[in-house]
Amino acid sequence: MDLHILDHRLRVTSISKSGLVNFTHPLIKLIFLRNRTRCKFFSLTETPENYTVVLDEEGFKELQASEHLQVESSVWLPLNVVSNGNASSSSQAVGVTKIAKSVIAPLAQQHVSVFMLSTYQTDFILVREKDLAIVITTLEEEFNIYREVGGESVPVHSQDVHNGFQKNGKEAIQPTVHPVLIPLNQFCVMSLDPDTLPSIATTLIDVLFYSNSPKEGAQSTPGQDLDCIKFFSFSLIDGYISLVMDTEAQRQFPADLLFTSSSGELWRMVRIGGQPLGFDECGIVAQISRPLADSDISAYYISTFSFDHALVPEEDITNVTDMLQHQRNEPAAS
């Protein structure tokens, strides 16, 4: 398989709910006015806590410094796995599951923190720019690695990045097993023709900026299922749109404009973290994706500024719940 280091340098930011009014103009520009910005990688995800905005350096220029804006200090690079030959069969697991063992687990063993962004079209694995040498050295046995430069894919080898780099031979630290929450919402993963984006502009603005969170202000204890959770994700990356929303939000959009897979699958969420996870801990994605891969269960995975979110097929949620409960009951040394 091929691993592509895409030609984007990304920033991961968070906008507070109370401060959103200060950013509506630049966010609307980034979503709807593509011809007036040079931003090519933009993702906005609303959770009960905040809005996570991942965007390239051109897009980042549109956000004014503010007490309501948090910026993770690193520059992140998006990686994308491309299977050789034909696309995967529909019977195979999709999403983060198919890269759990080949990408996610090896990077966790080398203490590389990843930030995941699954979309309707593909999965982006974000790694810190400073970790690129470790990433290439760790994955070059499994993948043909290319770096996109000015529209061209240039082969990359470990000796091209940092001479003298030694692979981390230490045993990976046992990661913290974080509590999970499983809200009752059913989610859809969909796409949209960018040319029809103006047709849903009013609805999209309303859902993103004016919808109230279910049971806003309600507190949940770790391990307690939420009745419902506010979660909406919009991505516009290299001209492709991806939307993740629950079925309640979906009903507000014209049915003939949004499209999903032929199976029209519904998804349930596993939300990882009892308190904000931060960006430095390694192995969070791996501890969720590995058991899913072992059971061949598809999963979309969306990291946000505070928590991580895995979406699994609704018919698998009982198995996934049991699997994660068993994982959390195992002794730490196992």
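Use the structure listed above.
Residues numbered from 1 in each chain as written. Predicted model: local features only at pLDDT ≥ 70, side-chain atom pairs only at ≥ 80, totals over all residues. Heavy atoms only, no water.

A.B. asks: How should I be thinking about the pairing of strand β8 (residues 123-128) in this particular structure?
C.D. replies: Consecutive side chains of a regular strand alternate in pointing toward one face of the sheet and then the other. For β8, a buried count of six out of six residues is recorded, marking the element as mostly surrounded by other parts of the structure. Because side chains alternate across β8, one face comprises the buried residues Asp123, Ile125 and Val127, and the other comprises Phe124, Leu126 and Arg128, equally buried. Across four bridges, strand β6 (residues 76-82) lies against β8 in antiparallel orientation. Bridged to Pro78 within β8 is Leu126. (Buried < 20%, exposed > 50% of the residue type's maximum accessible area, 1.4 Å probe, protein only. Helix = DSSP H or I, 4+ residues; strand = E, 2+ residues; numbered from the N terminus. Pairing = 2+ DSSP bridges.)

A.B. asks: Quick question: what am I supposed to make of helix α4 (residues 132-139) here?
C.D. replies: Note that an α-helix has 3.6 residues per turn; residues three or four places apart therefore point the same way. Counting buried positions over the eight residues of α4 gives eight, a clear majority of the element. Residues of α4 that are buried include every one of Leu132, Ala133, Ile134, Val135, Ile136, Thr137, Thr138 and Leu139, and no others. In this structure, the buried residues of α4 make contact with β1 (2-5), β6, α3 (100-109), β8 and β9 (144-149). (Contact = heavy atoms within 4.5 Å.)

A.B. asks: How should the nonpolar core be read in this particular structure?
C.D. replies: In a soluble, globular protein the nonpolar side chains are often hidden away together inside. With 43 residues, the main nonpolar core has Val103, Ile104, Ile125, Val270 and Tyr301 as its most contacted residues. Excluding residues that lie within four positions of it along the chain, Ile125 makes contacts with Leu77, Pro78, Leu79, Val81, Ile99, Val103, Ile104, Val114, Phe115 and Met116. Core analysis: the second largest hydrophobic core is formed by 35 residues, Phe32, Phe42, Leu63 and Leu69 among them. (Core = buried A, V, L, I, M, F, W, Y, C linked by side-chain atoms within 4.5 Å.)

A.B. asks: Would you mind showing me how to read the environment of Leu257 here?
C.D. replies: Topologically, Leu257 is positioned in the loop between α6 (247-250) and β15 (258-259). A relative accessible area of 19% places Leu257 in the buried class. Considered as a pair, Leu257 and Leu192 are 65 residues apart in the sequence and their alpha carbons are 6.5 Å apart.

A.B. asks: Looking at this structure, how should I read the pairing of β6?
C.D. replies: With six of seven residues buried, β6 lies mostly within the body of the structure. Pairing geometry for β1 and β6, over four bridges, is antiparallel. Bridged to His4 within β6 is Asn80.

A.B. asks: I tried to follow the packing of helix α1 (residues 24-32) against helix α5 (residues 201-209) on my own but got confused; where do I start?
C.D. replies: Angle between the axes and distance between the axes: these two values describe a pair of packed helices. The N-to-C vectors of α1 and α5 enclose an angle of 135 degrees; their axes lie 12 Å apart at closest approach. Considering the angle they form, α1 stands oblique to α5. The hand of the α1/α5 crossing is right-handed. Where α1 approaches α5, its residues Thr24, Leu27, Ile28, Ile31 and Phe32 are matched on the opposing element by Ala201, Leu204, Ile205, Leu208 and Phe209. Taken together, the residues of the contact of α1 with α5 sort by class into nine nonpolar, one polar and no charged. (Axes fitted to C-alpha atoms, helices over the stretch in contact; angles between N-to-C directions. Parallel < 35°, antiparallel > 145°, perpendicular 65-115°, else oblique. Left-handed = near helix turned anticlockwise from the far one by under 90°. Nonpolar A, V, L, I, M, F, W, Y, C, P; charged D, E, K, R; others polar.)

A.B. asks: In this structure, what is going on with the packing of aromatic side chains? I would like to understand it.
C.D. replies: Each pair of aromatic rings is reported with the distance of its centres and the angle of its planes. Applying the stated criterion across every chain yields a total of ten aromatic pairs. Measuring from ring centre to ring centre gives 5.9 Å for Tyr120 and Phe259, while their planes differ by 80 degrees; the resulting arrangement is edge-to-face. Separated by 139 residues along the polypeptide, Tyr120 in the loop between β7 (114-118) and β8 and Phe259 in strand β15 bring together distant segments of the chain. Residue classification places Phe259 among the partly exposed positions, given a relative accessible area of 38%. When the centroid spacing of 4.8 Å and the interplanar angle of 75 degrees are considered together, the rings of Trp267 and Tyr300 count as edge-to-face. Of this pair, Trp267 sits in strand β16 (residues 267-272) while Tyr300 sits in strand β17 (residues 300-303), placing them 33 residues apart in sequence. Of the two residues, Trp267 and Tyr300, both sit in the buried class. Among the aromatic residues, those joined into a cluster by ring pairs are Trp76, Phe115, Phe279 and Phe305. (Phe/Tyr/Trp six-rings, centres within 6.5 Å; stacked < 30°, edge-to-face > 60°.)

A.B. asks: Help me understand the side chain of Ser242 in this model?
C.D. replies: With respect to the helices and strands, the residue Ser242 is situated in strand β14 (residues 240-246). Looking at Ser242, the relative accessible area reads 3%, which means it is buried. At a separation of 2.8 Å, a polar atom in the side chain of Ser242 contacts the main-chain amide nitrogen of Tyr120. (Polar contact = N/O pair within 3.5 Å; in protein donor to acceptor, adjacent residues only side chain to side chain.)

A.B. asks: It is not clear to me how the pattern of salt bridges should be interpreted in this structure. Could you clarify?
C.D. replies: In the structure shown here, the tally under the stated rule is twelve salt bridges. Salt-bridge contacts for Glu72 lead to Arg128; the nearest nitrogen and oxygen are separated by 3.1 Å. Residue Glu72 is located in the loop between β5 (69-71) and β6, and its partner Arg128 is located in strand β8; the two are separated by 56 residues in the primary sequence. The exposure class assigned to Glu72 is buried, which follows from its relative accessible area of 8%. Between Asp294 and Lys101 there is a salt bridge, and its shortest N-O distance comes to 2.9 Å. (Salt bridge = Lys/Arg side-chain N within 4 Å of Asp/Glu carboxyl O.)

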